[in-house]
Amino acid sequence: MTAINAVMDLTRDGEVAVLTLNSPPVNALSAPVRDGLALGIAAAEADPAVKAIVLICAGRTFIAGADITEFGKPAVKSASLFDVQTAMEQSKKPIIAAIHGTALGGGLEVALTCHYRIAAASAKCGLPEVKLGLLPGAGGTQRLPRLVGPEIALDLVTSGRHVGAKEALKMGVFDEVVADDQLLPGAMAMARKAIAEKWPLRLARDVNDKVDAARPNAAKLFADFRAKNAKLLRGFEAPEANIQCIEAAVNLPFDEGIKVERALFVPLMQGLQSRAQRYVFFAERMAAKVEGLPADAQLLPVKSVGIIGAGTMGGGIAMNFLNVGIPVTIVEMKEEALSRGIGVIRKNYENTAAKGKLTAADVETRMGLLKGSLDLADLGQADLIIEAVFENMDIKKELFAKLDGVAKPGAILASNTSYLNVDEIAAATKRPGSVVGMHFFSPANVMRLLEVVNGAKTEPAVLATAMGIGKKIGKIAVVSGVCHGFIGNRMLSFRQQQAQKLILEGALPSDVDRVLYDFGFPMGPFQMSDLAGLDIGWNAATSKGETIRDRMCEAGMRGQKNGKGFYNYDAERNRTPSPETEKIILDYAAERGINRRSIDDDEILERCLLPMVNEGAKILEEKMAQRASDIDIVWLNGYGWPVYRGGPMFWADHYGLAKIVERLKHYGITPAPLLEKLAASGQTFTGQ
Ligand code: 3HC
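All values derive from a computational prediction rather than experimental measurement.

1. A short note on the overall build of the chain
Here's step 1: Along the chain, the regular secondary structure elements total 28 helices and 20 strands.
Here's step 2: The C-alpha atoms of the chain give a radius of gyration of 28 Å, which matches the 26 Å a tight globule of 688 residues would have.
Here's step 3: For the chain, the spread of C-alpha atoms along the three principal axes comes to 90 × 60 × 55 Å.
Here's step 4: A sequence separation of at least 24 residues applies to 72% of the contacts in the chain between residues at least 6 apart.
Here's step 5: Looking at the chain as shown, the accessible area adds up to about 29900 Å², and 55% of this sits on carbon and sulfur atoms.
Here's step 6: Each charge class in the chain was averaged separately, 79 positive and 79 negative side chains, and the resulting centres sit 1 Å apart.

Next comes the structure, spelled out in structure tokens:
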């Protein structure tokens, strides 16, 4: 074995040179990796005894892409990826990529420059650059469509999805798939066959039949694709650039297409959207790290879960655990509510099965893990119990006191409260160390965010387990301290407050919604209220017409569910502005002597977003969030903040903190001390 450099070894086995790359954690294409590849290929080329080359990776995965940590930093002196790929394509000896784990981005692009590709059955591949606001900048947009055709290439580069080995084989990305433990032997056998049978040095750049065949109908193909995906890709810059590259692959010779790819790559890389999306990539991983907890903290076993409340929240929460094979006992007070709740869970699974995303057997397996009960005592053996009952402190305290008498010692007692004081709930038990908040977002089986609320007495192992189980069920878990509304809802309330003021002072609900939609949110606050139901938390008996919402509810408006709210809805849920609501707003403003004025879009945006940022600063100051990026992760995954704007704190940093201080004062809002301090010293929340 020869060490080529610190990350690359070369061994020779007969006529085959095996280049083994070992650069943990994910063999990303850092400068030493690029050097190792260039030097390794050159060494194998130079050895006359070598007739074929296998490129394989040690550790958990094949090359997972460019080294994202290098982006935006000055270039270091090393081989460029382009140099490496050119050397590979000019090799006189067949190079075989042996792929396990995930061959992603630049990793797949390196593999596409090899002559042949063999993969382990569990391997995946993909071009996920679009998720970082980029496009595959190492020839991926030109080589991939030549192998798989433009239709599949369009799907892969605009979705960034990971493709399993079997599918990749069918598409023509991989040439052979072998059992996981047969990767190296399989690659060696392929290399020997290539030598014995004198396989041609096949290069993806020279495979033209699929792009040639697509060319006559290409205009329609791309127009249809753009039209079909317009809504999904709204606001993002990178998908369109990716589409243009695939267009170039179909319409231009390879070398011309590469020029287009390069020309479109550079502005994306330098742009704010990609910076935001790269920041989010690391922010997501950072959120899992809890200050004061070792990364390998011992987790408590969670082999069974109890859920109290079979309503929308409880049912959605239960599905998360059933999906990963953890048995759930769900408890309700009345038989009718219990069977309704279980029925909804079954219906949800059956709907998923009808879309072909689950088999009928999967549905039964999941439902087989679910047990309904009317008796709290049935939760006596559960490792984790999550309460999802009505949002009322007295009810929760009574319930936790009862749970204390029922749950086994060491069980985690979690509350799904979205606002209430977890410490007060914990104090209702004799084991406050076992109590934690687990705030799911509706629909709980879909939304990725989980706020894990760390009570004053929550034990570290309990906190670590809540975070760990969140990851296991596919959530992005973020730690919050105990405060009213935690991170997300606490900030949201400031946006809602301003939205209400804006419609009194002169804007219409549709103006506010439009501005926030154009910013990139899936919907504005008034559409959201209509969707949630105007009567949530409204009490007819105590309503005195003190708010616009009271008056709307008193007039029988309930939002989407009865077609009347801030908008009117037809049977297909198409919305039109509601003159009745407008009248309620105008009357209300007149009664209060408010002189309505014209309010422009900039003011709407600033008044909705800046108070949120201000509250985010207070949350940081009070240490309710561990770091600014955790706040961003909450807003990205729980409230539809557009990922290409990085989250409220990242956005604020780029809007300018000094400007935000000035604008807040202009609107009569006192800036948070931390915000003022950072602005005065030219610092930022996120360091970005
Ligand atoms: N560059 C630098 N660091 C990376 C990285 C990359 N491409 N990919 C992962 N890492 C780091 C992570 O930050 C993490 O670091 P940490 O332990 O310090 O937090 C560590 O590797 C492990 O990553 P994960 O926690 O994500 O591990 P998983 O096993 O859950 O996932 C993965 C592995 C599927 C490879 C996932 O990390 C991933 O999707 N990575 C990004 C892949 C990607 O986007 N590649 C394209 C890059 S852009 C490109 O190639 C441009 C080219 O076209 C020129």
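2. Points about the sheet that holds strand β2 (residues 8-13)
Here's step 1: Pairing in this open sheet of seven strands is mixed, and the strands run β1-β2-β3-β4-β5-β7-β10 from one edge to the other. The open sheet is flanked by β1 (2-5) and β10 (176-178), the only strands paired with a single partner. Averaged over all pairs of adjacent strands, the angle between strand axes in this sheet comes to 25°, irrespective of strand direction.
Here's step 2: Relative to strand β3 (residues 16-21), β2 runs antiparallel, the two being bridged by six bridges. Across the sheet, residue R12 finds its bridge partner in β3, namely A17.
Here's step 3: Set on the sheet, helix α1 (residues 31-46) makes contact with β1, β2, β3, β4 (52-57) and β5 (95-99); between it and β1 the angle comes to about 135°.

3. Observations concerning the packing of aromatic side chains
Here's step 1: This model, assessed by the stated rule, comprises 14 aromatic pairs.
Here's step 2: Note on F281 and F282: the rings are 5.1 Å apart at their centroids and 90° apart in plane angle, and the pair reads as edge-to-face.
Here's step 3: Ring-pair connections join several aromatic residues into one group, and the members of that group are F519, F521, W641, W651 and Y655.
Here's step 4: Just above the ring of Y567 sits the side chain of R575; from NZ or CZ to the centre is 5.3 Å.

4. Examining the UniProt feature "domain: 3-hydroxyacyl-CoA dehydrogenase NAD binding" (unreviewed entry) in the chain
Here's step 1: Summarizing the sequence annotation, UniProt attributes the feature "domain: 3-hydroxyacyl-CoA dehydrogenase NAD binding" (unreviewed entry) to residues 305-480 in the numbering used throughout.
Here's step 2: Taken end to end, residues 305-480 comprises 41% helix and 20% strand; its first and last C-alpha atoms sit 22 Å apart.

5. Brief notes about the UniProt feature "domain: 3-hydroxyacyl-CoA dehydrogenase C-terminal" (unreviewed entry) in the chain
Here's step 1: In this structure's numbering, the residues bearing the UniProt feature "domain: 3-hydroxyacyl-CoA dehydrogenase C-terminal" (unreviewed entry) are residues 485-569.
Here's step 2: Annotation note: span residues 485-569, helix share 52%, strand share 4%, distance between end C-alpha atoms 31 Å.

6. With respect to the pairing of strand β18 (residues 476-480)
Here's step 1: Across the five residues that make up β18, a large majority, five, are buried.
Here's step 2: What you see with β18 is no split at all: I476, V478 and S480 on one side and A477 and V479 on the other are buried throughout.
Here's step 3: Judged from the five bridges that link them, strand β17 (residues 449-453) and β18 form a sheet pairing that is parallel. Among the inter-strand pairings, V453 is bridged to a residue of β18, identified as S480.
Here's step 4: In this region the chain leaves β17, passes through helix α18 (residues 460-472) and returns to the parallel neighbour β18; the handedness of that crossover is right-handed.

7. Considering the site of the ligand
Here's step 1: Close to the ligand lie 23 residues; R60, A66, E109, E129 and R285 are nearest.
Here's step 2: Between an oxygen atom of the ligand and a side-chain N or O atom of E129, the distance comes to 2.6 Å.
Here's step 3: R285 has a polar side-chain atom sitting 2.7 Å from an oxygen atom of the ligand.
Here's step 4: Secondary-structure elements contributing two or more residues to the shell around the ligand are β6 (102-104), α3 (106-113) and α12 (272-287).
Here's step 5: When residues in the shell around the ligand are grouped by element, the largest group, three residues, is from α12.
Here's step 6: Of the residues in the shell around the ligand, the class split is twelve nonpolar, five polar and six charged.

8. Examining the sheet that holds strand β16 (residues 435-440)
Here's step 1: Read across the open sheet, the eight strands follow the order β13-β12-β11-β14-β15-β16-β17-β18; overall the sheet is mixed. If you trace the sheet from one side to the other, it starts and ends with β13 (370-373) and β18, each paired once. When strand polarity is set aside, the average angle formed by the axes of neighbouring strands in this sheet is 25°.
Here's step 2: When strand β15 (residues 412-415) meets β16, the two strands line up parallel, connected through three bridges. In the strand pairing of β16, A414 is matched with V436.

9. Describing the packing of α12 against helix α25 (residues 628-638)
Here's step 1: With their axes 9 Å apart at the nearest point, α12 and α25 run at an angle of 105° to one another. One element, α12, and the other, α25, form an angle in the roughly perpendicular class. The segment α12 lies against α25, with Y279, V280, A283, E284, M286 and A287 engaging A628, S629, D630, D632, I633 and L636.
Here's step 2: Its residues assigned to classes, the contact of α12 with α25 shows eight nonpolar, one polar and three charged.

10. Quick word on the pairing of β5
Here's step 1: Across the five residues that make up β5, a large majority, five, are buried.
Here's step 2: Bridging between β4 and β5 involves four bridges; their strand directions are parallel. Within β5, the position partnered with I56 by the bridge is A98.
Here's step 3: Remark: the β4/helix α2 (residues 81-90)/β5 crossover connection has right-handed handedness.
Here's step 4: Bridge count for β5 against strand β7 (residues 116-120) is four bridges, and the pairing is parallel. From the neighbouring strand, A98 faces β7, where its bridge partner is I118.

11. Focus on helix α19 (residues 488-505)
Here's step 1: The end-to-end C-alpha distance of α19 is 26 Å, a good match for the 26 Å that 18 residues give at a rise of 1.5 Å each.
Here's step 2: Along α19, the residues that are buried comprise G488, N489, R490, M491, L492, R495, Q498, A499, L502, I503 and L504.
Here's step 3: Just downstream of α19 lies G506, where phi reads positive at about 155°.

12. Here we look at the domain arrangement of the chain
The extent of an interface is frequently quoted as the accessible surface area lost upon association of the parts.
Here's step 1: By domain assignment, the chain separates into domain 1 (2-269), domain 2 (305-486), domain 3 (507-591) and domain 4 (601-681).
Here's step 2: With centres defined by C-alpha atoms, the gap from domain 1 to domain 3 works out at 51 Å.

13. Describing the nonpolar core
Here's step 1: Core analysis: the biggest nonpolar cluster contains 74 residues, and V512, L609, I631, W635, W641, L675 and F685 have the highest contact counts within it.
Here's step 2: Tallying contributions element by element places helix α24 (residues 601-621) first for this core, with ten residues.
Here's step 3: Setting aside residues up to four positions removed in sequence, I631 forms contacts with I487, M491, G616, I619, L620, A625, P648 and M649.
Here's step 4: If you look at the next biggest cluster of nonpolar residues, it comprises 59 residues, including V33, L112, A153 and F225.

14. Observations regarding the side chain of D67
Here's step 1: Within the element layout of this structure, D67 appears in the loop between β4 and α2.
Here's step 2: No salt bridge is formed by the buried D67; the nearest opposite charge belongs to R34, separated by 7.0 Å.
Here's step 3: In this structure the side chain of D67 is engaged in a polar contact, spanning 2.5 Å, whose partner is the side chain of T69.
Here's step 4: Leave out the neighbours within four places in its chain, and D67 touches A28, L29 and S30.

Scoring rules and cut-offs
- Residue numbers here run from 1 along each chain, matching the order of that chain's written sequence.
- Side-chain atom pairs in this predicted model are given and counted only at pLDDT of 80 or more, local residue features only at pLDDT of at least 70, and totals for whole chains, interfaces and linings cover all residues.
- To obtain the side-chain values, all non-hydrogen atoms of the structure were included, while hydrogens and water were left out.
- Helix and strand assignments follow DSSP, with helices taken as H or I runs no shorter than four residues and strands as E runs no shorter than two, numbered in order from the N terminus.
- All radius of gyration figures rest on C-alpha atoms, and the globule criterion is 2.2 Å times the number of residues raised to 0.38.
- By definition in these notes, contact holds between two residues if any of their heavy atoms fall within 4.5 Å.
- Per-residue and other accessible areas follow the Shrake-Rupley method at a 1.4 Å probe size, with only the shown protein chains counted as cover for residues.
- Residues counted as positive are Lys and Arg, residues counted as negative are Asp and Glu, and His and the chain ends are not counted.
- For charged residues, the charge sits on one atom: NZ in Lys, CZ in Arg, CG in Asp, CD in Glu.
- Strands qualify as paired when DSSP identifies two bridges or more between them.
- Here an angle of 0 to 180 degrees is reported between the N-to-C directions of two axes, which are lines fitted to C-alpha atoms, with helices fitted over the stretch in contact.
- Here is the rule: rings of Phe, Tyr and Trp (six-membered ring for Trp) pair when centre to centre is within 6.5 Å. Planes less than 30 degrees apart are stacked, more than 60 are edge-to-face, and the remainder are tilted.
- Geometrically, a lysine NZ or arginine CZ counts as sitting over a ring once it is within 6 Å of the ring centre and also within 35 degrees of the ring normal.
- UniProt positions are given in the numbering used here, feature names are shortened, and annotations may be inferred rather than shown by experiment.
- Note on classification: 1.4 Å probe, protein chains only; a residue is buried when its accessible area is under 20% of the maximum for its type, exposed when over 50%, partly exposed between these limits.
- Note on handedness: a crossover is taken as right-handed if, strands pointing away from the viewer, the path from the first strand over the helix to the second is clockwise.
- Any residue with a heavy atom positioned within 4 Å of a molecule or strand is treated as near that molecule or strand.
- Under this definition, polar contacts are N or O atom pairs within 3.5 Å; protein pairs additionally need one hydrogen-donor-capable and one acceptor-capable atom, and for neighbouring residues in sequence, both atoms have to be side-chain atoms.
- For this classification, the nonpolar set comprises Ala, Val, Leu, Ile, Met, Phe, Trp, Tyr, Cys and Pro, the charged set comprises Asp, Glu, Lys and Arg, and every other residue, Gly included, is treated as polar.
- Should an angle fall under 35 degrees it is taken as roughly parallel, and over 145 as roughly antiparallel, whereas 65 to 115 is taken as roughly perpendicular and any remaining angle as oblique.
- Each helix should span, by expectation, one fewer than its residue count multiplied by 1.5 Å.
- Boundaries of every domain are those given by an automatic assignment or by a domain database.
- Remark: nonpolar core denotes a set of buried residues (Ala, Val, Leu, Ile, Met, Phe, Trp, Tyr, Cys) joined through side-chain atoms within 4.5 Å.
- Salt bridges are defined by distance alone: a side-chain nitrogen of Lys or Arg within 4 Å of a carboxyl oxygen of Asp or Glu.

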